[in-house]
Amino acid sequence: MNIIVCIAKVPDTTTKIVFSPDGRQLATPNIQWVINPLDEFALTRALEIKEAKSGKVIIVSVGKADCDPLIRKAFAMGADEGIRVDAEPADPYFTSVQLAHYIRTVPFDMIFMGRETSDFAGAQVPGMVAELLGLPFISGVPKFDFDGTLATMEREIEGGKETVKVKPPFVVSAQEGITEPRIPTMRGIMTARTKPLKVVPAVTGEILTEASNYELPPQKGECKMVDAETPEKLIELLHTEAKII
Amino acid sequence: MSILIYTDNSGGKITKSSLDVIYYGSKLAKALNTEAVAVTVGEVTKEELSRAGNYGAGKAVHIRHDLLKNFDSKAWSKAVCQVAAKVSADIIVFGHGFSSKALAPRLAALLKAGLIVNAVDIAAISDGKLTVKRSVYAGKAFSYFTTSAPKKIITVQPNILSPEITSQTATVEEFSPDLSPADCGTEVTEVNKTTGKILLTEASVIVSGGRGMKGPENWHLLETLAGMLSAGIACSKPVADMHWRPHSEHVGQTGLAVRPNLYIAVGISGAIQHLAGVNGSKYIVAINTDPEAPIFREAAYGIVGDAFKVLPRLNEAVKKLQS
């Protein structure tokens, strides 16, 4: 059984966000790049499923050479093979076209991704890839099981959850709860170097959206402190000053 | 042309957040001098759907089909796509619900539409180019996104406009999409919905607890406050990880992102991952024993103190205010 896991490169959440002076792009020199946190959940669950049933976990990522360390980290966690489509992931549609194009060329049973990336939080690529490949797509899955023929999963809906059953192939976007992200072992790190990482050229794909003019949120005003001895004053402020209760 | 607005319904009613989205789409339609059409799938009465007009939609399309009894992103997006073609929509607006999140990207790929998500302001359109402000980098920045694709889709964050409600009603049309069983690859075998609970995505006030609440047995203090304020109840990641509260209540980077008018954080220090999910709130109130807790830098009002002493007195004060 082959499971494809798509991973994305994002700035570490604790990174201070700074833009170039013209506000057109992220200033990158001090950024620590990591695997998108929710992709690590997806990857770990995919590894657990593979390890219980045998097969391969194949990483597919769209990016330039600076993605390679992240694919190697996925190897250290247990992934078997890696493909990097050699292009800047210019926008979600472009990225999805690249992923779908490569995925069509390999046999697979399921595709895992994180629900959204932590940088743009668009949650776009999983659904787009599913549509381009004509597959069922289950989004925001906190629980996933596979008995060898049928996958049973939960998906979060407004005010509750649903149990969904689906036969492979399909696309699943994982969210927290599906498992705990795995930390690479020393042995994993040692073997990561020997695993195959293939770089493939990008295909023509349209870029449909563009980001421009970044800006930082307005500075928050001072926090108005209320003495713990008179907490009632807080309710009064919310009622008369902020007028929200 | 027209603007199509995807609308969620629950328990036979259009959801509050969807009514806000109808207003958003209608405002956009007015600016473009075109018609706003709401579309929904499922069991809703004609009277209820005509309410879309109160929020500015001229027409409401009701999609009905036996294959759409449960949510399947492929079948549903195909159905919505057929409506979009029928009403010649070149802009489709979605809200922030779970079905919107699954449908918008599918439709974008299907129509090769430019998709911009998480809009936090009304979109501007000139010469076929749509520009809209959205939040990026976990709310640490904003960016203006543009698309010049002939078809455009935007998803809108909750709570960004205050709708003006009129007495106009929408004309309601039934639509039966052309679907086959092959479009429906998933089977929903169980639905678990808690009723009577205020949804975090719909709540205008949220009361949230962190590790400082010391254990699940103390949540009744937050529940009392939430009950009086008609607030949703949320928690921080450690609280969900320790199983004090369900993961569905976790707000933050890997949990739910919320944008209420008022977010009351009790015993939450405000790690950057938590703030990522709540920094769209209009007012944050922080109650924490640690005066250095980062949550105070985001908060409009704060109390440095013991939640177990402060909360009962706050509850008493709210009770007094409301009586």
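Computed from a predicted structure; not experimentally measured. (Residues numbered from 1 in each chain as written. Chains lettered and ligands numbered in written order. Predicted model: local features only at pLDDT ≥ 70, side-chain atom pairs only at ≥ 80, totals over all residues. Heavy atoms only, no water.)

**Student:** So what exactly am I meant to see when it comes to the interface of chain B and chain A here?
**Tutor:** How large an interface is tends to be reported as the accessible area lost when its parts come together. Counting from both sides, the interface comprises 80 residues of chain B and, opposite them, 77 residues of chain A. In this assembly, chain B packs against chain A so that about 6,900 Å² is buried in total across both faces, 58% of it on carbon and sulfur atoms. Considering only the surface of chain B that becomes buried against chain A, F98, Y137 and Y301 of chain B emerge as the three largest contributors, covering 12% of it. On the surface where chain B and chain A come into contact, there are 7 salt bridges. Between K220 of chain A and E298 of chain B there is a salt bridge, and its shortest N-O distance comes to 3.9 Å. (Contact = heavy atoms within 4.5 Å. Buried area = accessible area lost by both parts, 1.4 Å probe. Salt bridge = Lys/Arg side-chain N within 4 Å of Asp/Glu carboxyl O.)

**Student:** When you look at the packing of aromatic side chains in this model, what are you seeing that I'm missing?
**Tutor:** Aromatic rings considered in pairs are described by the distance between their centres and by the relative angle of their planes. The tally for this structure, following the rule as stated, stands at 12 aromatic pairs over all chains. Seen in terms of ring centroids, F120 of chain A and Y137 of chain B are 5.3 Å apart; in terms of plane orientation they differ by 45°. Their pairing is tilted. Placement of the pair is F120 of chain A in the loop between β6 (110-114) and α4 (125-133) and Y137 of chain B in the loop between β9 (129-136) and β10 (141-147), with the two residues belonging to separate chains. Seen in terms of ring centroids, F71 of chain B and W76 of chain B are 4.9 Å apart; in terms of plane orientation they differ by 70°. Their pairing is edge-to-face. What makes F71 of chain B buried here is its relative accessible area of 6%. Taking the relative accessible area as the measure of exposure, W76 of chain B reaches 9% and is therefore buried. Here the guanidinium or amino end of K133 of chain B rests over the ring plane of F142 of chain B, the centre of that ring lying 4.7 Å away. (Phe/Tyr/Trp six-rings, centres within 6.5 Å; stacked < 30°, edge-to-face > 60°. Helix = DSSP H or I, 4+ residues; strand = E, 2+ residues; numbered from the N terminus. Buried < 20%, exposed > 50% of the residue type's maximum accessible area, 1.4 Å probe, protein only. Lys NZ or Arg CZ within 6 Å of the ring centre and 35° of its normal.)

**Student:** Explanation requested: the environment of K143 of chain A in the structure shown.
**Tutor:** All names here are of chain A. The residue K143 is located in strand β8 (residues 143-146) in this model. When its relative accessible area of 41% is taken as the criterion, K143 is described as partly exposed. Counting along the chain gives 136 residues from K143 to I7, while the straight-line C-alpha distance between them is 19 Å.

**Student:** Which parts of the structure should I look at to understand helix α3 (residues 73-86) of chain B?
**Tutor:** Owing to its 3.6 residues per turn, the α-helix brings residues three or four apart onto one side. Residue and element names in this part refer to chain B. Compared with an ideal rise of 1.5 Å per residue, which puts 14 residues at 20 Å, α3 spans 20 Å between its outermost C-alpha atoms and is within 8% of the ideal. Restricting attention to buried positions, one finds in α3 the residues S73, A75, W76, S77, A79, V80, C81, V83 and A84. For α3, the N-terminal capping position is held by D72, with its side-chain oxygen 3.0 Å away from the main-chain nitrogen of K74. At the exit of α3 stands S88, carrying a positive phi of roughly 50°. (Expected span 1.5 Å × (residues − 1). Polar contact = N/O pair within 3.5 Å; in protein donor to acceptor, adjacent residues only side chain to side chain.)

**Student:** Hey, could you run me through the sheet that holds strand β9 (residues 151-157) of chain A in this one?
**Tutor:** Note on sheets: strands pair through backbone hydrogen bonds, and any given pair is parallel or antiparallel. With antiparallel pairing, 4 strands are arranged side by side in an open sheet as β8(A)-β9(A)-β10(A)-β13(B). Both outer strands of the open sheet, β8 of chain A together with β13 (186-193) of chain B, are each paired with one neighbouring strand and no more. Ignoring strand direction, the axes of neighbouring strands in this sheet form an average angle of 20°. In terms of strand pairing, strand β10 (residues 160-166) of chain A meets β13 of chain B through 7 bridges, oriented antiparallel. (Pairing = 2+ DSSP bridges. Axes fitted to C-alpha atoms, helices over the stretch in contact; angles between N-to-C directions.)

**Student:** What is the right way to look at the confidence of the model for chain B in this model?
**Tutor:** Averaged over chain B, the pLDDT score is 95; the fraction of residues at 70 or greater is 100%. Overall fold confidence (pTM) sits at 0.92, and the ipTM for the predicted complex is 0.92. (pLDDT = per-residue confidence, 0-100.)

**Student:** Explain the packing of α3 of chain B against helix α4 (residues 98-111) of chain B here, please?
**Tutor:** When two helices pack together, their arrangement is given by the angle between their axes and by how far apart the axes lie. Residues and elements named next belong to chain B. The geometry of α3 relative to α4 is characterised by a closest axis approach of 9 Å and an angle of 60° between their N-to-C directions. Taken together, the axes of α3 and α4 lie oblique to each other. The element α3 and its partner α4 pack so that their crossing is right-handed. The segment α3 lies against α4, with S73, K74, W76, S77, V80 and C81 engaging A102, L103, R106, L107, L110 and L111. Taken together, the residues of the contact of α3 with α4 sort by class into 8 nonpolar, 2 polar and 2 charged. (Parallel < 35°, antiparallel > 145°, perpendicular 65-115°, else oblique. Left-handed = near helix turned anticlockwise from the far one by under 90°. Nonpolar A, V, L, I, M, F, W, Y, C, P; charged D, E, K, R; others polar.)

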